[in-house]
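A look at the structure
These are the residues of each chain, in order.
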Amino acid sequence: MIESDGKPSDLGYRFVDVCERTRDCFQGTAKLIFGAAILKNGSMDTFLHYFYKLSERRIKDDPLAFTYVTAGDQIEFDSEEYLGWIKNELATNLNVMNTALLRGGVERRPFQGEFAVLRRFGFVSGFRVGLGLEINWPLIQEYLKFEI
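For the structure given in this document, a descriptive report is provided here.

Taken as a whole and judged by the stated rule, the model has 19 aromatic pairs. Relative to tyrosine 82, the ring of phenylalanine 66 has its centre 5.3 Å away and its plane inclined at 70°; by these criteria the two rings are edge-to-face. Here the residue phenylalanine 66 occupies a position in the loop between α3 (44-61) and β1 (67-69), and tyrosine 82 occupies one in helix α4 (residues 79-93), the gap between them amounting to 16 residues. With a relative accessible area of 0%, tyrosine 82 lands in the buried category. Look at phenylalanine 123 and tyrosine 143: their rings are 5.0 Å apart centre to centre, the planes differ by 85°, and that puts the pair in the edge-to-face class. With phenylalanine 123 in the loop between α5 (112-120) and β3 (124-128) and tyrosine 143 in helix α6 (residues 137-145), the pair connects residues that are 20 residues apart, well separated along the chain. For the residue pair phenylalanine 123 and tyrosine 143, the accessibility class agrees, reading buried in each case. Ring-pair connections join several aromatic residues into one group, and the members of that group are Phe47, Phe51, Phe66, Phe77, Tyr82, Trp85, Phe111, Phe115 and Phe127. The ring of tryptophan 85 has arginine 58 sitting right over it, with the charged end atom 5.2 Å from the ring centre.

Here's what the structure looks like:
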């Protein structure tokens with residue numbers, strides 16, 4: 001939404017215009033523009049597709065993959081192991097992800113920044129045994145249908 005010279009793109013101006021007219025950037029058309037831009041221009045739709053396909057393949061073969069049994073005999077999902085596996089698959093086997101060096105001397109958890117944005121829009125929620133990442137595909141489809 002910002003050009004290389006630091007000025008808003010046409011989409012950026014459209015977003016700012018809607019925000020000024022409605023005095024709200026967290027609802028309605030402004031939120032649709034921003035969410036659609038994140039999915040389409042930011043390629044988060046592709047990112048989520050990779051998550052879905054990798055999870056489906058792995059968990060189909062082993063529904064209890066990435067789980068552990070608690071002291072109370074409950075089955076819990078190990079999101080850290082799962083995210084580490086996804087990161088490795090994307091970076092090593094599929095070669096669609098570059099792994100970044102430390103930022104500010106601190107190692108980030110895999111996909112920490114991406115999930116913050118995706119959760120804010122409700123595109124993803126938590127993790128579930130037998131599924132992996134919970135992706136809200138109906139909501140994503142609404143945003144993808146929106147013309148930006």
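What follows continues from the structure just given.
Residue position: asparagine 136 is located in the loop between β4 (132-135) and α6. In this structure, the C-alpha to C-alpha distance between asparagine 136 and tyrosine 82, residues 54 residues apart in sequence, is 19 Å. Residues contacting asparagine 136, with those up to four places away along its chain left out, are Gly122 and Phe123. Looking at asparagine 136, its side chain comes within polar contact range of the main-chain nitrogen of leucine 139, at 3.2 Å.

Within the largest apolar cluster, 26 residues are counted, with the highest numbers of intra-cluster contacts made by Leu48, Phe51 and Phe115. Once residues within four sequence positions are removed from consideration, phenylalanine 115 is found in contact with Phe47, Phe51, Leu83, Val124, Phe127 and Leu133. Counting residues in hydrophobic clusters, the runner-up holds 9 residues, among them Leu11, Ala30, Ile33 and Ala36.

For the rest of this paragraph, the subject is unusual backbone geometry. Most peptide bonds take the trans configuration, and most residues that are not glycine carry a negative phi. Despite not being glycine, arginine 23 has its phi angle at roughly 55°, a positive value. Turning to its location among the elements, arginine 23 is positioned in the loop between α1 (10-22) and α2 (28-40).

Turning next to the side chain of serine 9. The residue serine 9 is located in the segment before α1 in this model. Non-local contacts of serine 9, meaning those with residues more than four positions away in its chain, are made with Met1, Ile2 and Glu3.

In this section: the pairing of β4. Strand direction decides the pairing type here: β3 and β4, joined by 3 bridges, are antiparallel. Within β4, the residue paired with arginine 128 across the bridge is glycine 132.

Viewed as axis vectors pointing N to C, α1 and α2 meet at an angle of 155°, and their least axial separation amounts to 8 Å. Between α1 and α2, the angle is such that the two are roughly antiparallel. In terms of crossing hand, the pair formed by α1 and α2 is left-handed. Contact residues: Leu11, Arg14, Phe15, Val18 and Cys19 in α1; Thr29, Ala30, Ile33, Phe34 and Ala37 in α2. Across the contact of α1 with α2, the residue classes tally to 8 nonpolar, 1 polar and 1 charged.

Definitions and limits used
Residues numbered from 1 in each chain as written. Predicted model: local features only at pLDDT ≥ 70, side-chain atom pairs only at ≥ 80, totals over all residues. Heavy atoms only, no water. Phe/Tyr/Trp six-rings, centres within 6.5 Å; stacked < 30°, edge-to-face > 60°. Helix = DSSP H or I, 4+ residues; strand = E, 2+ residues; numbered from the N terminus. Buried < 20%, exposed > 50% of the residue type's maximum accessible area, 1.4 Å probe, protein only. Lys NZ or Arg CZ within 6 Å of the ring centre and 35° of its normal. Contact = heavy atoms within 4.5 Å. Polar contact = N/O pair within 3.5 Å; in protein donor to acceptor, adjacent residues only side chain to side chain. Core = buried A, V, L, I, M, F, W, Y, C linked by side-chain atoms within 4.5 Å. Pairing = 2+ DSSP bridges. Axes fitted to C-alpha atoms, helices over the stretch in contact; angles between N-to-C directions. Parallel < 35°, antiparallel > 145°, perpendicular 65-115°, else oblique. Left-handed = near helix turned anticlockwise from the far one by under 90°. Nonpolar A, V, L, I, M, F, W, Y, C, P; charged D, E, K, R; others polar.

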